[in-house]
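Notes for the structure review
What follows is the residue order along each chain.
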Amino acid sequence: MTLTLTRRAALAGLGGALALPAIRPSFAQGAPIKVGVLHSLSGTMAISETALRDTVLMMVEWANSQGGVLGRRLEAVVVDPASNWPLFAEKARELLAVSKVDVTFGCWTSVSRKSVLPVFEELNGLLFYPVQYEGEEQSRNVFYTGAAPNQQAIPAVEYLMGKDGGEARRIALLGTDYVYPRTTNRILRAYLNSKGIADADIMEEYTPFGHSDWQGIVSRVKRFAGEGKRTAIVSTINGDANVPFYRELGNQGIKAEDIPCVAFSVGEEELAGIDTRPLVGHLAAWNYFMSVPGKPNDDFKAMWRAYIRNDRRVTNDPMEATYTGFRMWLQAVAKAGSTNVDPVREAMYGQKVMAPCGYEEEMRRNHHLTKPVMIGEVMENGQFNIVFKTPDAIPAENWSPFIPENASRRG
Amino acid sequence: MTRILVLLAFLASALPAAAQDAFLDALPGLAGSFGAQAEAVERLGASGDPRALPVLRALSDGRLLRRDAALLLNGADAATGAPADAAGAEPVRINNRVRAALRGALGRLQLVSANPDERLAAADAVFRSRSAENIPGLEAAIARETVPRVRDRQALALAASRLVAADPGIKRQGIATLGEASSEDARALLLEARAANPELAAEIDAAVAAIDGRLAFKRAAETLFQGLSLGSVLLLAALGLAITFGVMGVINMAHGEFVMLGAYTTFVVQEALRGIPWLLPWSLPLSVPAAFLVAGLAGAALERGLIRHLYGRPLETLLMTFGVGMILQQAVRLAFGAQNREVLSPSWMQGTLSLPGGILITQNRLWVIVFSLLVLGLAFAAIRLTRFGLEMRAVVQNRRTAATMGIRTGRVDALTFAFGSGIAGMAGVALSQIDNVSPNLGTGYIIDSFMVVVFGGVGSLVGTLVGAMGLGVLNKVIEPWAGAVLAKVAVLVVIMLFIQRRPRGLFALRGRAAEA
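The rules we used
Residues numbered from 1 in each chain as written. Chains lettered and ligands numbered in written order. Predicted model: local features only at pLDDT ≥ 70, side-chain atom pairs only at ≥ 80, totals over all residues. Axes fitted to C-alpha atoms, helices over the stretch in contact; angles between N-to-C directions. Helix = DSSP H or I, 4+ residues; strand = E, 2+ residues; numbered from the N terminus. Parallel < 35°, antiparallel > 145°, perpendicular 65-115°, else oblique. Left-handed = near helix turned anticlockwise from the far one by under 90°. Contact = placed C-beta atoms within 7 Å. Nonpolar A, V, L, I, M, F, W, Y, C, P; charged D, E, K, R; others polar. Core = buried A, V, L, I, M, F, W, Y, C linked by C-beta atoms within 7 Å. Buried ≥ 20, exposed ≤ 12 C-beta atoms within 10 Å, placed from the backbone. Domains from an automatic or database assignment. pLDDT = per-residue confidence, 0-100.

**Let's talk about the packing of helix 7 (residues 116-129) of chain B against helix 9 (residues 148-163) of chain B**
Residues and elements named next belong to chain B.
- Packing of helix 7 against helix 9 leaves a shortest axis separation of 8 Å and a crossing angle of 20°. If you check the angle between helix 7 and helix 9, you find them roughly parallel. Handedness of the helix 7/helix 9 crossing: left-handed. For the pair formed by helix 7 and helix 9, the contact residues are Pro116, Arg119, Leu120, Ala123, Asp124, Val126 and Phe127 on the first element and Arg149, Val150, Arg153, Gln154, Leu156, Ala157, Ala160 and Ser161 on the second.
- Here the residues of the contact of helix 7 with helix 9 sort into nine nonpolar, two polar and four charged.

Rendered as structure tokens:
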């Protein structure tokens, strides 16, 4: 696939009788392959999801510059489900039934994924979901390119309880009120209990999407920390509610050395809207940070900056997962020789990509990627200082052993 | 022979000359793992060496560089002081564990600083570092200290350090002093010590109970403040509506979008002032009149262009203003993007203010309360004291009589609506400090605004004030044991029950106007 577009077109024009190999028909032939983009461009999740739309568009442009796939051009179909969960299902149906897309990249919140799941299963669509989530799911129509709890949440809490993380023995679980935080916290509570932390040492609080008044909760966390045991916050707060939350942490003087806060949904993009100076040392757990050294990441960042034409825009973990998923899908389509969902699904298993995080990631038969775990501390410039990473990419346990009713299920 | 050598080596290491090199011994650890760094920082802090302070400060600010194992500071080798080229060197990275050790070590070295603020910060840092080795330094510092507020903190730090001493008598002294404090930190330290010293449990429990007694008052005061703060936000959001809906009876669903316009005006003013650094800290006060004008003009245009054609048709007004709200949202989204915009907080609005009794109040919330009361005063004065207010009240009470008296009712309608919208814009300036400046900023406040106005009594500014503050405090009192989500639900239920009993709200208007 190294031929340039012009040379390929010229070749095709020169000899129509020249039989090209089946996987490489001429670029001009066939209708374009349609790539659906199902990300909120407005509403409370726009802060996080807009960059993912741009990433998919960047990948489409990149794939076309490489000559497309199967000799066909790619074409993006963008819709805006507006952070409105039922609308996600309607837009998904529109993409599959009206626009007849071959693949869809989309969703951030688990509630939106749960909303579109029946539509993708009914119409046998193909969804790439790029965000870390709570697990307990495995649809044959979805490939999960973000982390499962054992690739993010559990290692992060383990770190907080270790020597480097401050040996926390009391944990405040703060989250937005929907399925992802509630399930993750259920897993974490079972995990903490198994590590000898009693329920009395766990605080759990939920707030609505877009919550802005954090004074009461932050002062309750302070009180919770005043019981003579090292305390840490585990945040599954999603969307723009994070901005007033971190502002309140800063204003109430909660320093990372005293009560570190580790977040699972806050990356470089979310920090771009906040004054990060009071937040230095607070943590985030992901599988990629923009500050990862190495060529794969340098290439990825250069590609993003060239596409977005703005040196100040950042990259983050879900963007990396979108990129990795897109490349795998391209490889699978080339291998299957078709964009039909069933052959592509078979071809996806075992696909490997050298991801920007610097590790080779593999799609397993459980529809999840192997991923490294990284923990970063917020630096003054809004980037992350990576203080911990696993030596290898680890396989996902999407059915958590800490959820009793599903523990026996294995992908 | 070997024994003698070992003995000699031991003696040599105990000699003062060798001890001075504790600095050089510890320094290479800073280039090691986080664990090695933390240990090296502690040793540097304990060395008392004057060379340690600049190195530790540089490490904490990210100015200490490393190339392989060599540490560089200000273009020189940190160990030898010889000039060194900083090219290719990277800042030494630290984590929370090292940062905590640094805070303790820096605190220890700065206890005798010439600057009282530094001494205060040092005392607080030592308070948290939990090391009995700090006791002599603290005792010396307290003996010399002249500033009372610094001495108080040093006494607390000394008590905290005594708590981890070996001698139970010294421990008891520490417990007694900490028991007189009224802070959660002191309580946490005592409880930490309780687990380690079961024999002192009785004393510690008594001290903790004493702290709890004082904390109960502090917590009640803080809850009240948080309630008033939430109330002031509700008041700001609802005040404009109290005029457009309460006085004029227009159901304006685009009210939240006027608030949002005010917040974006704040952002625009801030960006415009970026070129003038000395004015930038004042961009917030300057935004207040600008936001009033922008939202007021938008309100006047809406009233003259659309609403006046729909007077007396509340359902159509509701639908039409709802549509206008969506158009405004989308227009802002197209102009500024869907991403949130960052409005900076001036330094005088950041951090906390501590009142006597250890009550902590966040500055930005305090300013919002003050601002909301100022805006309320302004609205009240405009309605009660100006000619425009007189005409407005006349038109509201009896439109036809007012018209026969020569009042141009159409103009008064437009001005009243513009005034209410302008107040919404001013609310947006304040909300930009505590919420996200995004196109859907207003949607979060529209329901709350109507709730406050209806609860307080339609047409009554005093009702709006009492309603907003009452709902704010009620919400914050319920929140600790019901959670943020249920607290909101509970408040809604309370309002529904209340409206059932008193459909006209807290402060019902009486007289002919109310019957019309």
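Anyway, onward from the coordinates.
**Some points on the nonpolar core**
- Counting residues in each nonpolar core, the largest one holds 176 residues, and the members touching the most others are Val262 of chain A together with Leu178 of chain B.
- Residues Val247, Ala254, Ala295 and Leu302 of chain B belong to the second largest nonpolar core, which totals 76 residues.

**Quick word on the interface of chain A and chain B**
- In this assembly, 44 residues from chain A lie in contact with 46 residues from chain B.
- Counting residues per element, the ones that place at least two in the side of chain A that touches chain B are helix 2 (46-65), strand 7 (202-207), helix 7 (215-225), helix 8 (242-251) and strand 14 (384-389) of chain A.
- In terms of residue class, the side of chain A that touches chain B is made up of twelve nonpolar, 19 polar and 13 charged.

**Observations concerning the domain arrangement of chain B**
- Domain annotation of chain B identifies domain 1 (2-182) and domain 2 (217-510).
- Distance between the C-alpha centres of domain 1 of chain B and domain 2 of chain B: 51 Å.

**A look at the confidence of the model for chain B**
Residue and element names in this part refer to chain B.
- The share of residues in chain B with pLDDT of 70 or more is 95%, and the mean pLDDT across the chain is 86.
- Here residues 7-19 is a poorly scored stretch, pLDDT under 50, and it has two contacts once near neighbours within four places are set aside; other chains count.
- Throughout residues 511-516 the model reports pLDDT below 50, and contacts reaching past four residues in sequence, or to other chains, amount to four contacts.
- Here the prediction assigns the complex a pTM of 0.83, and the interface score ipTM is 0.82.

**Side note on the packing of helix 17 (residues 387-397) of chain B against helix 19 (residues 409-431) of chain B**
All names here are of chain B.
- Close contact between helix 17 and helix 19 brings their axes to 10 Å; oriented N to C, the two are set at 110°. Between helix 17 and helix 19, the angle is such that the two are roughly perpendicular. The segment helix 17 lies against helix 19, with Phe388, Glu391, Met392 and Val395 engaging Thr409, Val412, Leu415 and Thr416.
- Partitioning the contact of helix 17 with helix 19 into residue classes produces five nonpolar, two polar and one charged.

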